[in-house]
Each structure stands twice: as C-alpha cells, then as structure tokens.
Amino acid sequence: ILGYSIPQDNQVQKLLKNIFANIKEFNWKTFVLGTGCILVLQGLKKVSTRVPRFKWVRAVGPLLVTVIGIVLQVTLDLEAHGIPIVGHIPQGLPEFSADVIFPLKYLKQLFLVVFTIVMIGFMESIAIAKKL
C-alpha cells in the first residue's frame, strides 16, 4: 500500500523501522489506490451490517474491488502512470507438495513436545476422572 517492499518482521518496532527506513520510495498514487480499495471494502461492510437487505454486499465486496482494479488496469494502464502491478500470474494450480501439509523434516523436533503434551493431557484427564 506504500508503493515499496518492506521486509517482514514479527516485532512491531522493527517493522516500523523497516517502513520508515525506505520512506523516500513512497508512491502516493499506489497509496491512494490502495486506500480507496480499503475504503470501498469497509463501506460495503458497513452497508451490509446496517441494511439487512444488502447483507450479500459484504461477500461480493472483494470480488467487486478486484474487478474494478482489473478494469482500471485495462482502461488506464496503471503501470504507465506509475502504479506498479503484479505482472504475469502463471495459470493453473501450483504443484502438490506433501511437505507443506505434513513436514517430515521437523518430526524429530516435534516428537518430544507432542509426547509431553499428550502425557500431560492424559494425566490431567485421569486426575479429573478420579476427582469426579
């Protein structure tokens, strides 16, 4: 939304430092377009909560903003006006990777933690059963 890439970080102070380190690359056109899209989404959300008849608008909001963005790109050529676009997106689904769903390389590291959690849960269940 600021028009430049920011390295991801879990700590807020480091994230803010990364944001302000490259503030000279700020792109106001990208900021206006991104803020406008967020305002449209929030407006549609508010309309859907206040007017029960238009409850469906909240679900259609992201699709509407996407279609508006595509139409703006096709008609105005946003990249020529200084607003960067994603570019080419490959067709189809990515290749299936079992490592994402079931990471085997971390199995040794997780075994002790999982075993400890299971044992504590088991002992807690027994203690509650004895008390009852």
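Because the structure is predicted, anything quoted here is derived from the model rather than measured.

Chemist: Help me understand the packing of aromatic side chains in this model?
Modeler: Within a pair of aromatic rings, the relevant descriptors are the distance that separates the centres and the angle that separates the planes. Taken as a whole and assessed by the stated rule, the structure comprises 3 aromatic pairs. Ring centres 5.5 Å apart and planes at 55° place the aromatic pair Phe 26 and Phe 31 in the tilted group. The exposure class assigned to Phe 26 is partly exposed, which follows from its relative accessible area of 35%. With a centroid separation of 6.3 Å and 20° between ring planes, the pair formed by Phe 111 and Phe 115 is classed as stacked. A residue pair is termed a helical-turn pair when its members lie 3 or 4 positions apart in one helix, as Phe 111 and Phe 115 do in helix α5 (residues 107-131) at 4 residues.

Chemist: Please clarify how the confidence of the model for the protein chain should be interpreted in this entry.
Modeler: Close reading of the predicted structure is inappropriate where its pLDDT is low. Chain-level pLDDT for the protein chain is 89 on average; 99% of the residues reach the 70-or-more range. No element of the protein chain has a lower mean pLDDT than helix α4 (residues 98-101), which averages 70, and none a higher one than helix α2 (residues 28-50), which averages 94.

Chemist: Sorry, what's going on with the packing of α2 against helix α3 (residues 57-76) here?
Modeler: Describing two packed helices takes the angle between their axes plus the distance from one axis to the other. Contact geometry for α2 and α3: axes closest at 9 Å, N-to-C directions at 155°. When the axes of α2 and α3 are compared, the pair comes out roughly antiparallel. Between α2 and α3 lies a crossing of right-handed hand. Taking contact as the criterion, the partners of Leu 33, Cys 37, Val 40, Leu 41, Leu 44, Lys 45, Ser 48 and Thr 49 in α2 are, on α3, Val 57, Arg 58, Gly 61, Pro 62, Leu 64, Val 65 and Leu 72. Grouping the constituent residues of the contact of α2 with α3 by class yields 10 nonpolar, 3 polar and 2 charged.

Chemist: Would you mind going over a positive patch on the surface with me for this structure?
Modeler: On the surface, a cluster of positive charge is made up of Lys 45, Lys 46, Arg 50 and Arg 58. With 3 residues, α2 is the largest single contributor of residues to the positive patch. As for its placement among the helices and strands, Lys 45 is situated in helix α2.

What counts, and at which threshold
Numbers given to residues run from 1 along each chain, matching the order in which its sequence is written. Totals for whole chains, interfaces and linings use every residue, but because this is a predicted model, local features are given only for residues with pLDDT of at least 70 and side-chain atom pairs only at 80 or more, for both listing and counting. Side-chain measures were taken over the full set of non-hydrogen atoms in the model, leaving aside hydrogen atoms and water. Pairing of aromatic rings covers Phe, Tyr and Trp, the last through its six-membered ring, and needs centres within 6.5 Å; plane angles under 30 degrees mean stacked, over 60 mean edge-to-face, and all others mean tilted. When a residue's accessible area, from a 1.4 Å probe over protein chains only, is under 20% of the maximum for its type it is buried; when over 50% it is exposed; and in between it is partly exposed. Numbered from the N terminus, helices here are DSSP runs of H or I no shorter than four residues, and strands are runs of E no shorter than two. By definition, pLDDT measures how confident the predictor is in each residue, and it falls between 0 and 100. Every axis in this analysis is a line fitted to C-alpha atoms, fitted for helices over the stretch in contact. Angles between the N-to-C directions lie between 0 and 180 degrees. Working rule for angles: under 35 degrees goes down as roughly parallel, over 145 as roughly antiparallel, 65 to 115 as roughly perpendicular, anything else as oblique. For any helix crossing, the convention is left-handed if the near helix is rotated counterclockwise from the far helix by under a right angle, and right-handed if that rotation is clockwise. By definition, residues are in contact when any of their heavy atoms lie within 4.5 Å. When residues are grouped by polarity, Ala, Val, Leu, Ile, Met, Phe, Trp, Tyr, Cys and Pro land in nonpolar, Asp, Glu, Lys and Arg in charged, and all others, Gly among them, in polar. Nonpolar side chains (Val, Leu, Ile, Met, Phe, Trp, Tyr) are joined into patches within 5 Å and like charges within 9 Å, using only residues with over 30% relative accessible area and no salt bridge. To be clear on the numbers: accessible area is Shrake-Rupley with a 1.4 Å probe, and residue cover counts the displayed protein chains and nothing else. By salt bridge we mean one thing: a side-chain nitrogen of Lys or Arg within 4 Å of a carboxyl oxygen of Asp or Glu. Charged residues are defined narrowly, with Lys and Arg counted positive, Asp and Glu counted negative, and His plus the chain ends left uncounted. Lys charges are placed at NZ, Arg charges at CZ, Asp charges at CG and Glu charges at CD.

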